[in-house]
Amino acid sequence: MTTQLAERPAPSGTAAPRGRRKPRREGLSTVLIHLELAVVAAIVIFPLLWVVGASLSPGDGLGEVSPFPSEATIAHYADLFTETSYGRWYLNSLYVAVFNMAGSVVLAAICGYVFSRVKFKGRKAGLLSILILQMFPAFLAAIAVYMLFLNFGLLDSLTGLALVSIAGALPYNIWLMKGYTDNLPASLDEAAAIDGAGRLTIFARIILPLMRPMLTFVAITQFTLPWMDFILPRLVLQSADKQTVALGLFNMISSEYANSYTTFAAGAVVLALPITVLYIVLQRYLVTGAAAGAEKG
Amino acid sequence: MSNAPSGRLPALVPGLASALVWGAGQLINRQAGKAAFYFAFFAGLVGWEIASGNYYAGMDYTPRSNGGFFVKGLWGLFTLGTQSRQMTLTGLSEGDNSVTLLASGLIALLVLALLAIIWIWGVRDAAGYRAALNAGGPRESSATYYKRLWDNAFAYIMLSPGLVLVVFMSVLPVLFVILVAFTNYNRDHLPPKNLVDWVGFDNFGAILSGSAWTDTFLGVLAWTFVFALVTTVASYALGFFQAVLLANKKVRFPRVWRSIFLLPWAVPAIVSALVFRSMFNGQFGPVSQWLVDVGLTDDRIYWFTDASNPNLARTVVLLINLWLTFPFFMALVGGVLTNIDASYYEAARMDGASAFQQLRHITLPVVHKTVAPLLILSFVSSFNNFGVVYFLTEGGPDNADYRFAGSTDLLVTWLFKLTFETQLYNIGAVMSLFIFLIVGTISVWNLNRSKAIREL
């Protein structure tokens, strides 16, 4: 009862009895809201904290790790580069990621511009086929690509992997860029055309700079995709020195509890950290970009 | 009128000439440059066929031994090879590799289709130009033609790199899968050891005719639908709830909370899923251990491997997937909330609407209008989800009633196993078509409702 008295605000002349109770209810709801937020935050953070703790724990096995190791060690991070081929995998992933990003950005920008601004025969049919292709899930093509590459002896090529990735995402990316370019004012092109600029000049000088926000979205998503992609590299890549980070990590953990759990954790942290920071920093771009894709189709 | 055409030739003549020998019609129309352009493609086609084939004088022609890229390709596409590898006195004979033949035939067909476009274009050009001349139109030099071509064909030239890439890396594989669905290409018919044959609809029959395949297919399909539906609804609901809470003015440091909640979206899913896999490991994982330590359970729980309790594995998979997917919806709804005009709420408050009524009648409809298309997209992408299930459970726990599938296997992970682990390519191809049919139907239905299709 005493606490209730203490919490009661100083009575003011106009306050009705209902008005006096309101602040306490508000205080209670504030506490409840923060309690809920804290619980969800704990559920969200715990697994991530746990893997970081695991990567710093001494010992090797899954049973020995704790989220707050009393004797933290960074030895597993060193092991990653000396005992496993993590460095090799990392470079492979980087190669595919850069290739995939550059190819996707260039092709999506050009094709998006043409579909948005140039009137030509077959445009409608082209856009329809893009829509249909975009529905065809990428992994279905991946399985066919595997059978094809297998029979033609093309397996195990990082460049091949990057080309398949670019082609797989291209219909969606074209659709995205086309929708974005549609919303750029046509008066800009017309003014430049009156000044005698050719279509290539208009594209390079006027449209391309305006496309930058959506191109950034395409660039980030296509750069990060190969780091996380599993099914396509798993099918296309075979030899040990052609593995990507995702494949390497999966093999480390799926070979039934080989005594390298802590090293896996270190590898997972090294893979996750740059991408996580990138996503958090650029969250606005990424969420808007994804929403725009859905609105347009 | 020195440059008038010699006589009034009917337009049909150059058209027919171009149909027989590409560019001949243009030559009759006295357009040498243009004629050379079309003839180059013709020469390329014939040259390619002869150079890649085994043509010589006095040969006893069969497509199998003499045909080049195009003839042998089409022959292979129809027959899938006629001679299997056999033991002879001189050792193992060279047999036909059915799958290579199938794929080369498909490539030959695609190249022919692309060349056919140029052929039709050439015939129409020859006939059309002559018709225009006969009607008294002006002559056109090849140089002006090329200039006009660049202007008209700008779009095609710019699109061609993307087109070639998509045709050979997406369209070709898709067509290939469709064809494989009608063959018996599997571990019992593996080229180059054995020949593969066309089997018509046998594979479709096998899956739909009430065998163990049917049970597996229907079981996996039902679970896939449940997975996609629950994921979409639950992540939208939780994301909406968190976004509304964060938008509340009483929340201190909303940006900090928001960034924390976004972590599951920002961390690569493969990392999170593999971490959860080890946390829920039955034998060594910390979750089982903790439950035993606290005294809630007597024995360790084998979350993903207990075949007697498949629904436990399914529930945990759904919960973990909710962890992975709610932040995106939270961010999305949060963005919409900041754009809702505050005057709506003021007006509602003046009319005496409670906080819940405001939520129900203002926030929910506005948010729902923006987010609805993404719900379909989310359903489709959950339907096609591979990573979560494969990384967490690899489809387990085992299910004795299923063929090559575990209790948590989704259509896609099952398809992956059929292809990659059990080499039942034909069944995998049929499954691919089924998945495409389902996903395609949903997408088309969604497109018809949206404005995108009308804006084409």
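Rules behind the numbers
- Residues numbered from 1 in each chain as written.
- Chains lettered and ligands numbered in written order.
- Predicted model: local features only at pLDDT ≥ 70, side-chain atom pairs only at ≥ 80, totals over all residues.
- Helix = DSSP H or I, 4+ residues; strand = E, 2+ residues; numbered from the N terminus.
- Buried ≥ 20, exposed ≤ 12 C-beta atoms within 10 Å, placed from the backbone.
- Contact = placed C-beta atoms within 7 Å.
- Rg over C-alpha atoms; globule rule 2.2 N^0.38 Å.
- UniProt positions renumbered as here; feature names shortened; annotations may be inferred.
- Domains from an automatic or database assignment.
- pLDDT = per-residue confidence, 0-100.
- Core = buried A, V, L, I, M, F, W, Y, C linked by C-beta atoms within 7 Å.
- Nonpolar A, V, L, I, M, F, W, Y, C, P; charged D, E, K, R; others polar.
- Expected span 1.5 Å × (residues − 1).

Another point: the overall build of chain A. Across its full length, chain A holds 14 helices and 0 strands. Mapped in sequence order, the helices and strands of chain A form the string α-α-α-α-α-α-α-α-α-α-α-α-α-α. Here chain A holds 297 residues, and the buried ones make up 43% of them. A separation of at least 24 residues holds for 74% of the contacts in chain A among residues at least 6 apart in sequence.

Moving on to the overall build of chain B. A count of helices and strands for chain B gives 18 helices and 2 strands. Computed over C-alpha atoms, the radius of gyration of chain B comes to 32 Å, more than 25% over the 23 Å expected from 2.2 N^0.38 for 456 residues, which places it beyond the range of a compact globule. Considering only C-alpha atoms, chain B reaches an extent of 100 × 80 × 35 Å along its principal axes. Residue burial in chain B is summarised as follows: out of 456 residues, 38% are buried.

Looking now at the UniProt feature "domain: ABC transmembrane type-1" (unreviewed entry) in chain B. Summarizing the sequence annotation, UniProt attributes the feature "domain: ABC transmembrane type-1" (unreviewed entry) to residues 221–446 of chain B in the numbering used throughout. The straight-line gap between the two end C-alpha atoms of residues 221–446 of chain B is 21 Å; of that span, 73% is helix and 0% is strand.

Quick look at the domain arrangement of chain B now. Under the domain assignment used here, chain B contains domain 1 (12–180) and domain 2 (203–455). Put simply, the middle of domain 1 of chain B and the middle of domain 2 of chain B, counted by C-alpha atoms, are 47 Å apart.

Take the confidence of the model for chain B next. Per-residue confidence for chain B gives a mean pLDDT of 86, with 97% of residues at or over 70. For this predicted complex, the interface confidence score (ipTM) comes to 0.84, while the overall pTM stands at 0.83.

Before going further, it helps to examine the nonpolar core. As a rule of thumb, soluble globular proteins bury nonpolar side chains together. A:Ile143, A:Leu249, A:Ala268 and B:Leu274 are the most contacted members of the largest nonpolar core, which has 176 residues in total. Looking at which domains feed residues into this core, each of domain 1 (12–180) and domain 2 (203–455) of chain B gives three or more. Apart from the residues lying within four places of it in its own chain, the contact partners of A:Ala268 are A:Val51, A:Leu249, B:Val271, B:Leu274 and B:Val275. Listed in part, the 8 residues of the second largest apolar core include B:Ile28, B:Val123, B:Ala127 and B:Leu133.

Take the environment of A:Val145 next. Structurally, A:Val145 can be placed in helix H6 (residues 138–152). By the C-beta count within 10 Å, which is 29 here, A:Val145 ends up buried. The spatial distance from the C-alpha of A:Val145 to the C-alpha of A:Met135 is 17 Å, given a sequence separation of 10 residues. Leave out the neighbours within four places in its chain, and A:Val145 touches A:Val164, A:Val236 and B:Pro173.

Turning our attention to the interface of chain B and chain A. One widely used convention gives an interface's size as the accessible area the parts lose upon coming together. In this complex, chain B contributes 75 residues to the contact, which on the side of chain A involves 73 residues. Residue contributions to the side of chain B that touches chain A peak at 16 residues, all from helix H7 (residues 142–180) of chain B. When the residues that make up the side of chain B that touches chain A are grouped by side-chain class, the tally is 53 nonpolar, 20 polar and 2 charged.

Confidence in the prediction for chain A averages 83 pLDDT; 89% of positions are at 70 or higher. Here residues 1–20 of chain A is a poorly scored stretch, pLDDT under 50, and it has 4 contacts once near neighbours within four places are set aside; other chains count.

On to the UniProt feature "transmembrane region" (unreviewed entry) in chain A, then. Residue and element names in this part refer to chain A. UniProt feature "transmembrane region" (unreviewed entry): in the numbering of this structure it lies at residues 28–52, 94–115, 127–149, 161–181, 202–225 and 261–282. Span residues 94–115 is 100% helix and 0% strand, its end C-alpha atoms 31 Å apart. The straight-line gap between the two end C-alpha atoms of residues 161–181 is 29 Å; of that span, 100% is helix and 0% is strand.

For the rest of this paragraph, the subject is the environment of B:Val220. All names here are of chain B. In this structure, Val 220 sits in helix H9 (residues 212–247). According to the C-beta neighbour criterion, Val 220 is buried, with 26 such atoms within 10 Å. A sequence separation of 194 residues divides Val 220 from Trp 414, and the C-alpha atoms of the two residues are 8.2 Å apart. Sequence-distant contacts of Val 220, that is, excluding residues within four places in its chain, are made with Ala 405, Asp 409, Leu 410, Leu 411 and Trp 414.

With that settled, the discussion passes to helix H6 (residues 98–134) of chain B. In an α-helix, one turn spans 3.6 residues; hence positions three or four apart end up facing the same way. For H6(B), spanning 37 residues, the distance from its first C-alpha to its last is 53 Å, which sits close to the expected 54 Å at 1.5 Å a residue. Directly beyond the C-terminal end of H6(B), a positive phi value near 95° is found at B:Gly136.

The next subject is helix H3 (residues 32–52) of chain B. Counted at 1.5 Å a residue, the expected span for H3(B) with its 21 residues is 30 Å, and the 29 Å between its end C-alpha atoms agrees. For H3(B), the secondary structure elements touched by its buried residues are helix H1 (12–20), helix H2 (24–28), H6 and H7 of chain B.

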